[in-house]
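Geometric and topological summary
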There are 2 protein chains.
Amino acid sequence: MDKQVIGILGGGQLGRMLVEAASRMNIQVRVLDPTLKSPAKQISNFTPHIDQPFTSSDAIQELAQECDILTVEIEHVNCDELATVEKSGIVKVRPSADTIRLIQDKYLQKEYLAKQGLLLPEYIKCDTLDEAKAAGQEFGYPFVLKCRLGAYDGRGNYVVKNQDDVEAGFKVLGGKMLYAEKFVSFTKELAVMVVRRPSGQVATYPVVETVQRDNICELVYAPAQIDGQVREIAMKVATDTVSCLPVGSSGIFGVEMFLHEDGRTVLVNEIAPRPHNSGHYTIEACNTSQFENHIRAVLDLPLGDTGLKVPAAAMINVLGGANGFSSVLDPCLASLDVPGSTVHLYGKADAKVGRKMGHITVVADSALQLSRRTDLIVGKLANASDGERSRLEYRQSAKPSTNGSVCDEEKRDVAAMSPLVGIIMGSDSDLPTMRPAAKLLEQFGVPFELTIVSAHRTPDRMFEYARAAHKRGLKAIIAGAGGAAHLPGMVAALTPLPVIGVPVKGRCLDGVDSLHSIVQMPRGVPVATVAINNSDNAALLAVRIIGASCPTYLDAMAQYMDDMRVGVEKKIERLGISGWKDYEI
Amino acid sequence: MDKQVIGILGGGQLGRMLVEAASRMNIQVRVLDPTLKSPAKQISNFTPHIDQPFTSSDAIQELAQECDILTVEIEHVNCDELATVEKSGIVKVRPSADTIRLIQDKYLQKEYLAKQGLLLPEYIKCDTLDEAKAAGQEFGYPFVLKCRLGAYDGRGNYVVKNQDDVEAGFKVLGGKMLYAEKFVSFTKELAVMVVRRPSGQVATYPVVETVQRDNICELVYAPAQIDGQVREIAMKVATDTVSCLPVGSSGIFGVEMFLHEDGRTVLVNEIAPRPHNSGHYTIEACNTSQFENHIRAVLDLPLGDTGLKVPAAAMINVLGGANGFSSVLDPCLASLDVPGSTVHLYGKADAKVGRKMGHITVVADSALQLSRRTDLIVGKLANASDGERSRLEYRQSAKPSTNGSVCDEEKRDVAAMSPLVGIIMGSDSDLPTMRPAAKLLEQFGVPFELTIVSAHRTPDRMFEYARAAHKRGLKAIIAGAGGAAHLPGMVAALTPLPVIGVPVKGRCLDGVDSLHSIVQMPRGVPVATVAINNSDNAALLAVRIIGASCPTYLDAMAQYMDDMRVGVEKKIERLGISGWKDYEI
């Protein structure tokens with residue numbers, strides 16, 4: 001694809017997956033890493049690698065001599081030497097030494113981003129213990145003390161619980177090159193990968209949700225189960241963050257963010273100038289992986305499509321545990337049976353506790369199926385490692401029930417998913433009519449929302465709701481209305497989504513007024529009308545609509561129809577036994 | 001994942017992709033191939049490889065000594081030596097030497113499969129020129145003369161045009177170890193990958209359609225654009241074919257088939273006991289690739305999920321052309337811009353004409369999007385190579401039009417796709433009412449079918465149609481009915497798909513009879529009812545239903561709605577210019 005040889009500083013799992021992506025395009029890679037058979041070197045046999053530390057000046061010089069482009073899989077590299085080879089012009093360095101240096105020092109990184117107008121948690125430099133104490137007084141407790149340099153996977157962070165804890169934290173972190181950060185009240189941690197070409201052109205991946213445990217990323221869900229419009233905000237923040245970096249910032253960047261508890265504010269936590277753990281899901285779930293896009297970016301090739309190609313995906317890290325390699329292998333072997341799962345093992349020699357040994361990606365046709373599949377694997381991880389994980393018991397009770405409807409434990413999970421169906425009605429007086437729809441959607445495990453939207457009393461709200469619905473992630477809207485019953489038709493005129501209309505029976509005309517108003521739409525704008533007051537059927541139609549493209553819900557509908565048959569058969573049996581005289585309805 | 005080392009006979013692109021899959025699971029592979037830096041060896045740096053022919057007895061012995069399992073990426077290997085090491089017990093051979101030997105000789109293969117009751121094109125052994133002439137008399141012309149051994153990519157086949165051509169063909173093919181095959185009148189060539197564990201358990205991939213050019217596979221479409229029930233037949237034929245192979249037949253198998261012009265009969269063409277070109281799409285499009293499943297099968301690990309994870313995929317072979325490497329690189333570089341495409345280059349040193357140098361996979365949200373994306377790449381391939389390919393001109397005219405509807409050239413393509421919507425009506429007298437629905441679906445590029453299904457006159461047909469609809473690949477059914485209008489509701493009671501009901505106006509009651517009969521369904525079975533005689537809205541609702549999960553159609557609907565606005569604005573302008581007195585409707 002390209003004759004230029006890429007040299008990578010660092011040969012761990014990120015380097016390994018970069019080599020994999022490069023090899024697929026027949027692009028040669030040389031790896032600089034002190035470990036003889038490091039993960040990245042194991043899968044590249046074309047050019048000899050260099051078995052030296054990536055902080056070694058001589059080794060960087062040697063790598064530069066034999067490559068056309070240098071890049072990194074880790075930011076804790078020798079930036080001075082990178083800058084030297086970059087200036088010498090014998091090799092391109094992407095991202096540039098200056099960019100890596102800026103991001104390497106988390107305090108400088110924050111200063112830079114704040115100056116560019118990005119929203120960050122409050123922070124302050126702490127060169128002395130007194131400054132650390134002052135930070136506690138300003139930010140309150142708990143607050144976080146952090147090392148400016150060399151921190152990763154939670155190392156280099158200290159949560160200061162109270163005034164008496166400041167000194168301990170200050171000492172644990174080495175007492176120099178520190179800064180303090182105010183605790184952010186966030187509801188979720190989000191992350192977005194952004195790839196940037198030397199020209200500055202960027203492409204942004206979907207927003208994912210990361211679940212941390214002991215400061216190490218445990219799980220990633222894609223897309224994040226948040227409102228689609230908040231996803232757009234987070235994508236914009238991530239895009240702005242990477243776009244504002246200095247000239248020379250090319251390659252892939254991971255942007256970690258907090259979703260504030262107000263549900264709309266997105267703050268930047270930190271950036272990584274390389275592939276990122278939160279982007280591993282892109283190998284199986286996106287059109288172009290973060291690794292291939294990094295290779296494309298540093299070679300200045302057109303960027304690949306960053307969109308999801310599956311409806312839902314998750315990434316589960318496989319860490320070294322108390323039982324050594326069996327902590328790692330047992331869950332991987334067990335996950336071979338889980339449909340949609342792919343195991344990645346990095347080929348590391350030693351399974352130290354907490355070490356990232358591999359990961360498992362899971363793809364699914366829906367958030368519901370993803371949750372079921374992920375629970376199976378997380379349960380197996382819990383069995384294999386320390387047994388502490390609380391999701392194990394949860395998983396055991398969360399097995400999908402056999403009658404096509406979800407169990408109580410699953411209902412809780414589904415309620416936290418982004419809604420696929422919106423149920424709206426003109427007035428709270430319609431709620432008794434519309435409640436059966438909600439109950440059925442809950443029974444089918446379809447995430448939904450229910451609210452009041454009145455065509456005549458809140459026309460602005462109706463416009464806003466209908467226009468945003470498909471951007472927010474809804475796939476169908478159920479609208480109940482009585483009398484003039486304009487809501488379903490007006491909403492249908494404002495959204496490209498299917499709108500299901502429920503005619504609500506009023507005090508006169510038996511609901512025929514609403515029925516005709518809803519069903520007799522002009523050519524061009526359809527409303528899927530169901531029977532008067534029959535919101536059950538509206539919900540069932542919504543399940544069929546989603547099921548048309550999603551086997552999980554199609555199967556559930558087939559099961560529901562079979563259950564109806566069985567229900568009638570039981571009545572037939574009872575009628576036969578009791579006879580028509582004594583049969584009680 | 002597994003400590004056993006796998007030895008592969010052959011180190012070309014199939015070996016390379018096997019190594020890629022194995023490395024991902026941290027499984028070590030040794031490659032036996034005469035080429036020093038063959039494609040497979042380039043990406044495996046852990047164990048030393050063997051630079052010897054895979055027909056060499058010594059080399060096979062050496063490989064067997066250092067591996068736990070031997071497998072092949074090509075069937076033209078030294079089966080005697082494989083049988084020897086297998087019998088010695090020092091190594092497992094998967095698939096077994098006997099299986100490879102059976103498949104290696106295409107005549108023996110056919111004899112075996114025919115004995116197992118599988119349907120094949122007629123064939124006959126031709127050891128002499130007289131036998132070849134007799135074959136011509138029996139089968140008629142044209143018929144095909146084939147080598148029993150060593151044939152691949154169309155080499156070893158000769159199409160005998162007439163009686164005078166027999167001798168030429170016989171000589172070209174070497175005049176021994178030949179057989180003759182009757183020409184099959186087929187409409188499509190299909191292929192299915194099937195993976196089999198040592199226990200005999202199998203898992204079957206989706207049915208794909210292969211497009212050959214000069215006997216070399218040019219394009220693969222997944223899933224095949226044929227009726228879903230015919231796909232099930234083809235999957236069963238492929239499953240039966242691999243299941244009936246002798247004990248010891250483990251690993252992945254490619255089954256090539258013909259779809260007879262009767263549209264329902266599927267004949268087995270031939271099998272490959274290894275990964276197959278028609279299965280490359282599985283890397284990006286299926287939950288587990290053919291390569292990973294081969295590795296799993298030979299290690300006797302649980303088989304991975306063979307299902308598609310994207311709605312549609314294509315694979316385009318990149319062959320060496322008249323312009324050498326630029327024939328290969330130009331289309332690859334150009335395809336980087338096409339969303340959903342992934343380039344694989346095999347790292348071969350020499351770009352001989354017709355040599356498989358790489359492939360490009362394309363995934364899409366629909367067959368329509370796939371066709372647009374594939375056309376872009378095939379057009380570029382045509383530019384880069386010999387310029388002969390006829391799809392180039394086609395592609396240039398096939399650009400999606402900007403107003404959300406498909407152009408005339410695309411309509412032809414869409415008509416050949418598997419239908420997503422079924423339009424049915426009780427009587428041909430309903431056709432004038434239902435025709436607008438068909439026109440709109442055509443305009444949106446939604447593949448559909450239209451037929452007569454009467455609830456009262458053809459109840460059996462109705463049951464059959466409705467029950468099979470989702471298995472056949474439909475995503476929605478539009479049913480038009482007048483008077484008692486039972487069709488939509490009865491169909492809805494038999495399918496889990498969304499059913500859209502169009503009340504057809506009869507001679508009395510203004511269609512209100514049909515409207516009430518269609519919309520007033522009992523709880524449990526919904527019909528999405530639209531306005532009386534308004535089949536346009538039924539089609540638009542079907543587009544919205546498909547669009548709910550498919551951005552291509554959602555975008556087209558948004559465009560359609562915007563076009564309606566523009567249309568009205570033009571009328572407003574005209575009304576303003578002409579005034580209300582002179583305005584002509």
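The coordinates are above.
Residues numbered from 1 in each chain as written. Chains lettered and ligands numbered in written order. Predicted model: local features only at pLDDT ≥ 70, side-chain atom pairs only at ≥ 80, totals over all residues. Heavy atoms only, no water.

Another point: the side chain of histidine 294 of chain B. Inspection of the secondary structure assignment puts histidine 294 of chain B in helix H11 (residues 290–298). In this structure histidine 294 of chain B touches Leu18, Thr71, Val72, Pro95, Val195, Gly251 and Ile252 of chain B, once residues within four positions along its chain are discounted. (Helix = DSSP H or I, 4+ residues; strand = E, 2+ residues; numbered from the N terminus. Contact = heavy atoms within 4.5 Å.)

If you walk through the whole model with that rule in mind, you get 52 salt bridges over all chains. Here arginine 412 of chain A and glutamate 409 of chain A are joined by a salt bridge, their closest N and O atoms 3.1 Å apart. Of this pair, arginine 412 of chain A and glutamate 409 of chain A both sit in helix H15 (residues 408–415), 3 residues apart, which is roughly one turn of that helix. Take glutamate 409 of chain A: its relative accessible area is 22%, and that puts it in the partly exposed class. A salt bridge links aspartate 240 of chain B to lysine 236 of chain B, with the shortest nitrogen-to-oxygen separation between them at 2.7 Å. Here aspartate 240 of chain B and its partner lysine 236 of chain B are both found in helix H9 (residues 228–243), 4 residues apart, which amounts to about one turn of the helix. One connected set of salt bridges, linked through shared partners, spans Glu20 and Glu284 of chain A together with Arg24 of chain B. (Salt bridge = Lys/Arg side-chain N within 4 Å of Asp/Glu carboxyl O. Buried < 20%, exposed > 50% of the residue type's maximum accessible area, 1.4 Å probe, protein only.)

Moving on, we come to empty space enclosed by the protein. Under the counting rule described, the total for this entry stands at 6 cavities of 30 Å³ or more. Looking at the largest cavity, it is lined by 29 residues, and the ones nearest its centre are Arg24 and Ile283 of chain A together with Glu20, Arg24 and Ile283 of chain B. Residue assignment for the lining of the largest cavity shows that the elements contributing at least two residues are helix H1 (13–24), helix H10 (282–285) and helix H11 (290–298) of chain A together with helix H1 (13–24), helix H10 (282–285) and H11 of chain B. Per-class residue counts for the lining of the largest cavity are 10 nonpolar, 9 polar and 10 charged. Taken as a whole, the second largest cavity spans an internal volume of roughly 220 Å³. Around the second largest cavity sit 18 residues that line it, and Glu20, Ser23 and Ile43 of chain A together with Glu20 and Ile43 of chain B are the ones nearest its centre. Elements with a minimum of two residues in the lining of the second largest cavity: H1 and strand E16 (341–345) of chain A together with H1 and strand E16 (341–345) of chain B. (1 Å grid on protein atoms, 1.4 Å probe; cavity = no way out; pocket = protein on both sides within 12 Å on 5 of 7 lines; lining within 4 Å. Points joined across faces, edges and corners; volume = space filled by probe spheres on them. Nonpolar A, V, L, I, M, F, W, Y, C, P; charged D, E, K, R; others polar.)

This part takes up the environment of aspartate 227 of chain A. Within the secondary structure, aspartate 227 of chain A sits in the loop between strand E12 (216–222) and helix H9 (228–243). C-alpha of aspartate 227 of chain A to C-alpha of serine 249 of chain A: the two residues are 22 residues apart in sequence and 31 Å apart in space.

All names here are of chain A. Those residues of helix H6 (residues 106–115) not exposed but buried are Lys106, Tyr107, Gln109, Lys110 and Leu113. Around the axis of H6, the buried residues are gathered within 155° of arc, so they sit on the same side. Where H6 begins, the side chain of aspartate 105 points an oxygen toward the backbone nitrogen of tyrosine 107, at a separation of 3.0 Å. (Arc of directions from axis to C-beta. Polar contact = N/O pair within 3.5 Å; in protein donor to acceptor, adjacent residues only side chain to side chain.)

In this section: the packing of helix H4 (residues 79–88) of chain B against helix H5 (residues 97–104) of chain B. All names here are of chain B. It is the contact of H4 with H5, at a shortest axis distance of 9 Å, that shows an interaxial angle of 165°. By the angle class used here, H4 and H5 are roughly antiparallel. Two packed elements cross with a definite hand, and for H4 against H5 that hand is left-handed. Residues Cys79, Asp80, Leu82, Ala83 and Glu86 of H4 touch H5, and the partners they reach there are Ala97, Ile100, Arg101 and Gln104. Split into classes, the residues belonging to the contact of H4 with H5 amount to 5 nonpolar, 1 polar and 3 charged. (Axes fitted to C-alpha atoms, helices over the stretch in contact; angles between N-to-C directions. Parallel < 35°, antiparallel > 145°, perpendicular 65-115°, else oblique. Left-handed = near helix turned anticlockwise from the far one by under 90°.)

With that settled, the discussion passes to unusual backbone geometry. In the segment running from tyrosine 141 of chain A into proline 142 of chain A, the intervening peptide bond is cis, with an omega of -10°. Tracing the chain through its elements places proline 142 of chain A in the loop between helix H7 (129–139) and strand E6 (143–147). Phi at methionine 177 of chain A takes a positive value of approximately 50°, unusual for a residue other than glycine. Here methionine 177 of chain A shows up in the loop between helix H8 (166–172) and strand E8 (178–182). Overall, methionine 177 of chain A belongs to the partly exposed group, its relative accessible area being 35%. Residues other than glycine seldom take positive phi values, yet asparagine 533 of chain B does so here, at roughly 65°. If you trace the backbone, asparagine 533 of chain B turns up in the loop between strand E22 (528–529) and helix H20 (535–547).

Turning our attention to the state of the cysteines. All names here are of chain B. A full pass over the atoms with the stated rule returns 0 disulfides over all chains. Counting only cysteine sulfurs, cysteine 147 is the nearest neighbor of cysteine 126, a cysteine outside any disulfide, at a range of 11 Å. According to the relative accessible area criterion, cysteine 126 is buried, its value standing at 0%. (Disulfide = S-S within 2.5 Å.)

Note that the two copies of the chain are related through a rotation about an axis and a translation along the same axis. Of the transformation superimposing chain A on chain B, the axial component is 0.0 Å and the angular component is 180°, with the fit at an RMSD of 0.1 Å. Read as a symmetry element, the transformation amounts to a two-fold axis. Mapped onto chain B, 100% of the interface residues of chain A again fall at the interface, so both copies present the same surface. (Least-squares fit on C-alpha atoms with pLDDT ≥ 70 in both.)

Now for helix H4 (residues 79–88) of chain A. Residues and elements named next belong to chain A. Those residues of H4 lying buried are Cys79, Glu81, Leu82, Ala83 and Val85. Looking at the buried residues of H4, the elements they touch are strand E1 (6–9), helix H3 (57–66), strand E3 (69–72), strand E4 (92–93) and helix H5 (97–104). The N-terminus of H4 is capped by asparagine 78, whose side-chain oxygen sits 3.3 Å from the backbone nitrogen of aspartate 80. One or two residues past the end of H4 sits glycine 89, with phi positive at roughly 80°.

Residue and element names in this part refer to chain A. Strand order in this open sheet of 4 strands is E2-E1-E3-E4, and the pairing throughout is parallel. Strands at the two margins of the open sheet, each flanked by one partner only, are strand E2 (29–32) and E4. In this sheet, E3 lies alongside E1 in parallel orientation, the contact comprising 4 bridges. What sits directly across from isoleucine 6, in E3, is isoleucine 69. (Pairing = 2+ DSSP bridges.)

All right, on to the nonpolar core then. With 70 residues, the main nonpolar core has Ile478 of chain A together with Ile478 of chain B as its most contacted residues. Not counting chain neighbours up to four residues away, the residues in contact with isoleucine 478 of chain A comprise Val421, Gly422, Ile423, Ile424, Met434, Leu441, Ile500, Val502, Ala538, Ala539 and Ala542 of chain A. (Core = buried A, V, L, I, M, F, W, Y, C linked by side-chain atoms within 4.5 Å.)

Below, the discussion takes up the packing of aromatic side chains. Residue and element names in this part refer to chain B. Going through the model one piece at a time under the given rule, you end up with 10 aromatic pairs over all chains. Look at phenylalanine 186 and phenylalanine 258: their rings are 4.7 Å apart centre to centre, the planes differ by 25°, and that puts the pair in the stacked class. On the criterion of sequence distance, the pair formed by phenylalanine 186 in strand E9 (residues 186–196) and phenylalanine 258 in strand E13 (residues 251–260) is long-range, its members being 72 residues apart. (Phe/Tyr/Trp six-rings, centres within 6.5 Å; stacked < 30°, edge-to-face > 60°.)

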